[in-house]
Amino acid sequence: MARINIENLKTFLTVVRLGGVRKASAGLNLTQPAVTARIKTLEDSLGCVLFDRSAGGMKLTKRGELLVAHAEKFEYLSELVEREVVDPKGIEGRLRLGVSETIAQCWLPELVAKLHLIYPSLEIEFNVDISINLRAGILNREIDLAILLGPISDYSVNNIVLPGFKMAWYAAKNSGPEVTGSAYLSRPVLTYARHTRPYRELKEMLFEKVGPNVSMFPSSSLSACFRLVEANLGIAVLPRALGADYVAAGKIEEFDPGWVPNPLEFSASYLGDPKSHMVQTAAKTAYEVAVAYHGDRKI
């Protein structure tokens, strides 16, 4: 009777789902030789060839196609055991977490702390990036859970909608009584990086309300935007949750030009297949942390 290793089966399914060893190695955080070795070990244990390794790429053989359905059953049973039998404190492994900078500067520390309480043996690896890159990371299976400007409109992705962030306009404290209200918009506008939804929406609104000659300075660092506003080098429209401490410290102030962009809507997004109770729990925990954060600050 063949001795089948569950990790080798999961590697096999990842190669099938992502369409090759190279993408699977990135998705599994393994080297390509390691992925190839796992597939070869699985083939040796089953006594058959699972992939046709022709010049056109890796295609499933007939036996490989038969194995997919059985491997998915093993995967499901493994997840069921983890969910219903294994003590969360004993779950090991790695959670690849991707977050946008807004979240990183607000409640990411609270999320990581709470996840460590639930899964003390879990390794949490996180990176901060713009939402378009986080979306690609989810779909390429390089990220397990993304907290991003969402939701992700793809049939394979589950989304938990999180509380939104209201936006506000900021200028340097005491920047001059002669510049008030909409007159502030003659200054450079600091905001989110290019290729983000907030940048595109703000650009459209500024062109409509101020004209095409408005100066916009996109940045991937929101903290840098606040420092530039404090130095009176421009104005900014940013989340009120991030600006509150600067205002309280008397470094900057809010102003009202008569309009403000829509709140930023975030989601905790993850792939629905393969199902992971740990990732689902992490997404639900992100929701709980976000609700508590917004409730405490009343924003």
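To be clear, the structure that these remarks concern was listed above.
Note that the coordinates shown come from a computational prediction; the quantities given were computed from them, not determined experimentally. (Residues numbered from 1 in each chain as written. Predicted model: local features only at pLDDT ≥ 70, side-chain atom pairs only at ≥ 80, totals over all residues. Heavy atoms only, no water.)

Help me out: how do you make sense of the pairing of strand β5 (residues 145-149) in this one?
Consecutive side chains of a regular strand alternate in pointing toward one face of the sheet and then the other. For β5, a buried count of five out of five residues is recorded, marking the element as mostly surrounded by other parts of the structure. Across three bridges, strand β3 (residues 93-99) lies against β5 in parallel orientation. Following the sheet pairing, G98 is matched in β5 by A146. As paired elements, β5 and strand β12 (residues 266-271) share four bridges and run antiparallel to each other. In the strand pairing of β12, I147 is matched with A268. (Buried < 20%, exposed > 50% of the residue type's maximum accessible area, 1.4 Å probe, protein only. Helix = DSSP H or I, 4+ residues; strand = E, 2+ residues; numbered from the N terminus. Pairing = 2+ DSSP bridges.)

What's the story with the sheet that holds strand β8 (residues 189-191) in this structure? I'm lost.
The strand order β9-β8-β10-β7-β11 describes an open sheet built from five strands, whose pairing is mixed. Of all strands in the sheet, those bounded by a partner on one side alone are β9 (216-218) and β11 (252-255). Strand-to-strand twist in this sheet, taken as the mean axis angle between neighbours without regard to direction, amounts to 35°. The pairing of β8 with β9 spans three bridges and is classified as parallel. Opposite L190, over in β9, you have F217 as the bridge partner. Together, β7 (167-172), β8, β9 and β10 (235-239) form the strand contacts of helix α8 (residues 197-209), whose direction differs from that of β9 by roughly 180°. (Axes fitted to C-alpha atoms, helices over the stretch in contact; angles between N-to-C directions. Contact = heavy atoms within 4.5 Å.)

I tried to follow a nonpolar patch on the surface on my own but got confused; where do I start?
There is a patch of nonpolar side chains on the surface, built from I4, I6 and F74 and spanning about 220 Å² of accessible area. As for its placement among the helices and strands, I6 is situated in helix α1 (residues 6-18). (Patch = residues over 30% accessible without salt bridge, like charges linked within 9 Å, V, L, I, M, F, W, Y side chains within 5 Å. Areas by Shrake-Rupley, 256 points an atom, 1.4 Å probe, with all protein chains shown as cover. Salt bridge = Lys/Arg side-chain N within 4 Å of Asp/Glu carboxyl O.)

Please explain unusual backbone geometry as it appears in this structure.
The bulk of non-glycine residues show a negative phi, and the bulk of peptide bonds are trans. Here G150 and P151 are connected by a cis peptide whose omega angle stands at 5°. Relative to the helices and strands, P151 is located in the loop between β5 and β6 (157-161). Unusually for a residue other than glycine, N29 sits at a positive phi of about 60°. Here N29 lies in the loop between α2 (21-28) and α3 (32-46). Accessibility expressed as a relative area gives 49% for N29, which makes it partly exposed. For N232, which is not glycine, the phi torsion reads 65° and is therefore positive. Note on placement: N232 falls in the loop between α9 (222-230) and β10. You can call N232 partly exposed: its relative accessible area is 35%.

Please explain empty space enclosed by the protein as it appears in this structure.
The rolling of a water-molecule-sized probe over the atoms marks out the regions of remaining empty space. In this structure the tally under the stated criterion is one cavity of 30 Å³ or more. There is about 60 Å³ of room inside the largest cavity. In this structure, the largest cavity is lined by M167, T191, P198, E201, L202, V237, P261, N262 and L264. The element that contributes the greatest number of residues to the lining of the largest cavity is α8, accounting for three residues. (1 Å grid on protein atoms, 1.4 Å probe; cavity = no way out; pocket = protein on both sides within 12 Å on 5 of 7 lines; lining within 4 Å. Points joined across faces, edges and corners; volume = space filled by probe spheres on them.)

For this particular structure, what's the right way to read the pattern of salt bridges?
Within the structure shown, the criterion is met by nine salt bridges. Between E72 and R17 there is a salt bridge, with its nearest N and O atoms 4.0 Å apart. In this pair, E72 sits in helix α4 (residues 62-84) while R17 sits in helix α1, placing the two residues 55 residues apart along the sequence. A residue is classified by how much of its surface remains accessible, and E72, at 35% relative accessible area, is partly exposed. A relative accessible area of 23% places R17 in the partly exposed class. Note that E125 and R94 form a salt bridge whose closest N and O atoms lie 3.3 Å from each other.

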